[in-house]
Amino acid sequence: MGRTRREFLKTGSAAALGTVLAGPAAARGILSRPAGAKVISTWQHGLQANEAAWNTLGNGGSILDAVELGVAAVESDLTNRSVGLGGRPDRDGHVTLDACIQDHAGRAGAVAFVEHFEHPISIARAVMERTPHVMLVGEGAERWALENGFTRKEVDLPEVRKAWQEWLKTSDYKPVVNVENHDTIGMVGVDASGRLAGSCTTSGMAYKVHGRVGDSPIIGAGLFVDGEVGAACATGTGELVIRIAGSHTVVELMRQGMEPDAACREAVHRIMKQNPGLKDHQVGFLALRADGAHGAHAIYEGFDFALTTDSGTELVKATFEQKWE
Ligand code: ASP
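Keep in mind it's a predicted model, so treat the numbers as computed, not measured. (Residues numbered from 1 in each chain as written. Predicted model: local features only at pLDDT ≥ 70, side-chain atom pairs only at ≥ 80, totals over all residues. Heavy atoms only, no water.)

1. Some remarks on the nonpolar core
Soluble globular proteins tend to pack their nonpolar side chains together in the buried interior.
Now for step 1: In terms of nonpolar packing, the biggest core is built from 35 residues, with Ile101, Val111, Ile123 and Met187 touching the most fellow members.
Now for step 2: Elements with a minimum of two residues in this core: α3 (45–58), α4 (63–75), β2 (97–103), β3 (108–114), α5 (120–130), α6 (138–147) and β5 (185–190).
Now for step 3: It is α4 that provides the largest number of residues to this core, a total of seven residues.
Now for step 4: Met254, Ala267, Val283 and Phe285 belong to the second-largest nonpolar core, a separate cluster that totals 24 residues. (Core = buried A, V, L, I, M, F, W, Y, C linked by side-chain atoms within 4.5 Å. Buried < 20%, exposed > 50% of the residue type's maximum accessible area, 1.4 Å probe, protein only. Helix = DSSP H or I, 4+ residues; strand = E, 2+ residues; numbered from the N terminus.)

2. Structural notes on the sheet that holds strand β4 (residues 135–137)
Working definition: the strands of a sheet are paired by backbone hydrogen bonds and lie parallel or antiparallel to each other.
Now for step 1: Strand order in the open sheet formed by eight strands is β4-β3-β2-β6-β5-β1-β11-β12, with mixed pairing between adjacent strands. Each end of this open sheet is capped by a strand with a single partner; those strands are β4 and β12 (312–317). The sheet shows a mean angle of 10 degrees between the axes of neighbouring strands, taken without regard to direction.
Now for step 2: Relative to strand β11 (residues 304–309), strand β1 (residues 38–42) runs antiparallel, the two being bridged by four bridges. Across the sheet, Thr42 pairs through a bridge with Phe305, a residue of β11.
Now for step 3: Against the sheet, α6 contacts β3 and β4, and its axis sits at roughly 115 degrees relative to β3. (Pairing = 2+ DSSP bridges. Axes fitted to C-alpha atoms, helices over the stretch in contact; angles between N-to-C directions. Contact = heavy atoms within 4.5 Å.)

3. Concerning the sheet that holds strand β9 (residues 283–289)
Now for step 1: Taken together, the five strands give an open sheet; going across it, the order is β7-β8-β9-β10-β13, and neighbouring strands pair in mixed fashion. Taken across any chain shown, the strands that pair with only one partner, and hence form the sheet edges, are β7 (223–226) and β13 (319–320).
Now for step 2: The pairing of β7 with strand β8 (residues 230–236) spans four bridges and is antiparallel. By the bridge assignment, Val225 is partnered in β8 with Ala231.

4. A short note on the pattern of salt bridges
Now for step 1: Scanning all chains against the criterion turns up 17 salt bridges.
Now for step 2: Between Arg161 and Asp156 there is a salt bridge, and its shortest N-O distance comes to 2.9 Å.
Now for step 3: Between Asp291 and Arg289 there is a salt bridge, and its shortest N-O distance comes to 2.9 Å.
Now for step 4: Of the residues examined, Asp291 reaches a relative accessible area of 14% and is grouped as buried.
Now for step 5: The exposure class assigned to Arg289 is buried, which follows from its relative accessible area of 5%. (Salt bridge = Lys/Arg side-chain N within 4 Å of Asp/Glu carboxyl O.)

5. Thoughts on the pairing of β9
Now for step 1: Burial analysis of β9 places seven of its seven residues in the buried class, the great majority of the element.
Now for step 2: Residues Val283, Phe285, Ala287 and Arg289 of β9 are buried on one face, and the alternating residues Gly284, Leu286 and Leu288, pointing to the opposite face, are buried as well.
Now for step 3: Sheet topology places β8 next to β9; seven bridges connect them, and they run antiparallel. Looking at β9, one finds that Gly236 is bridged to Val283.

Pasting the structure below:
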């Protein structure tokens, strides 16, 4: 005999609740739905990204579409020197790009060390959706992209070339990420039903060793999404973030009951503890819990993020440590 409507409703709602109860529920009680959609993304260029993401949601796109098209807007901006084809090259003069994307179900796609493509984030999404793999790199990723409908784009920016040639005169290799306002774009978002997604894309560290890949395309380091708990992304010196599996750490701390800002702070503290005496390296984290609560924290002052909700968009200064202890 089939189930009665009442039983069906009971089972249905229990199943729906199950997805909400899992994860942080044990530590913090039932996670409520967010009041509405929310998108946060790193640095000032996050304003541009959030606008594109919000428009995507407004036009009926999913949260995954929103985080893809949001950061894609920044990839297209050739005045941006740390994301996309306008980015600074490595020490051999190649602009190499890294990106990743992850959805609420944990599905993920990434590309690293790719040249001459405008939208590494969209290639990353295609890797996620059209292959059984998570990450493609270098020449293999480029070939796969060409075979899958992406087209090459040659960009030569005299200003960028000149700055690199200037740098070559001293070739002073300092893998230091500026604490200023222009790094990776990482975005995490939640829709009104609590569905999460995240994206991250960068041209990486300026004048890096050819072949160097940072945290940004690495799931768990530059980005992590756990549909039951929340999402996080990172910016700053990628090596430091990779060593503590930064974004995964932030999400896992939220799973254990920490508030998003406290989780970001704890991840920053771990980096500082692991690297005593290391100075001048900035790292910042953004976190978004499935109920819509968000947080951010950085080592140094200067990290800001764009926050968009139904009430509008604002640029928010992240809290920070003052000293590297
Ligand atoms: N995290 C990026 C990397 O290490 C750089 C950045 O955020 O500025 O490649």
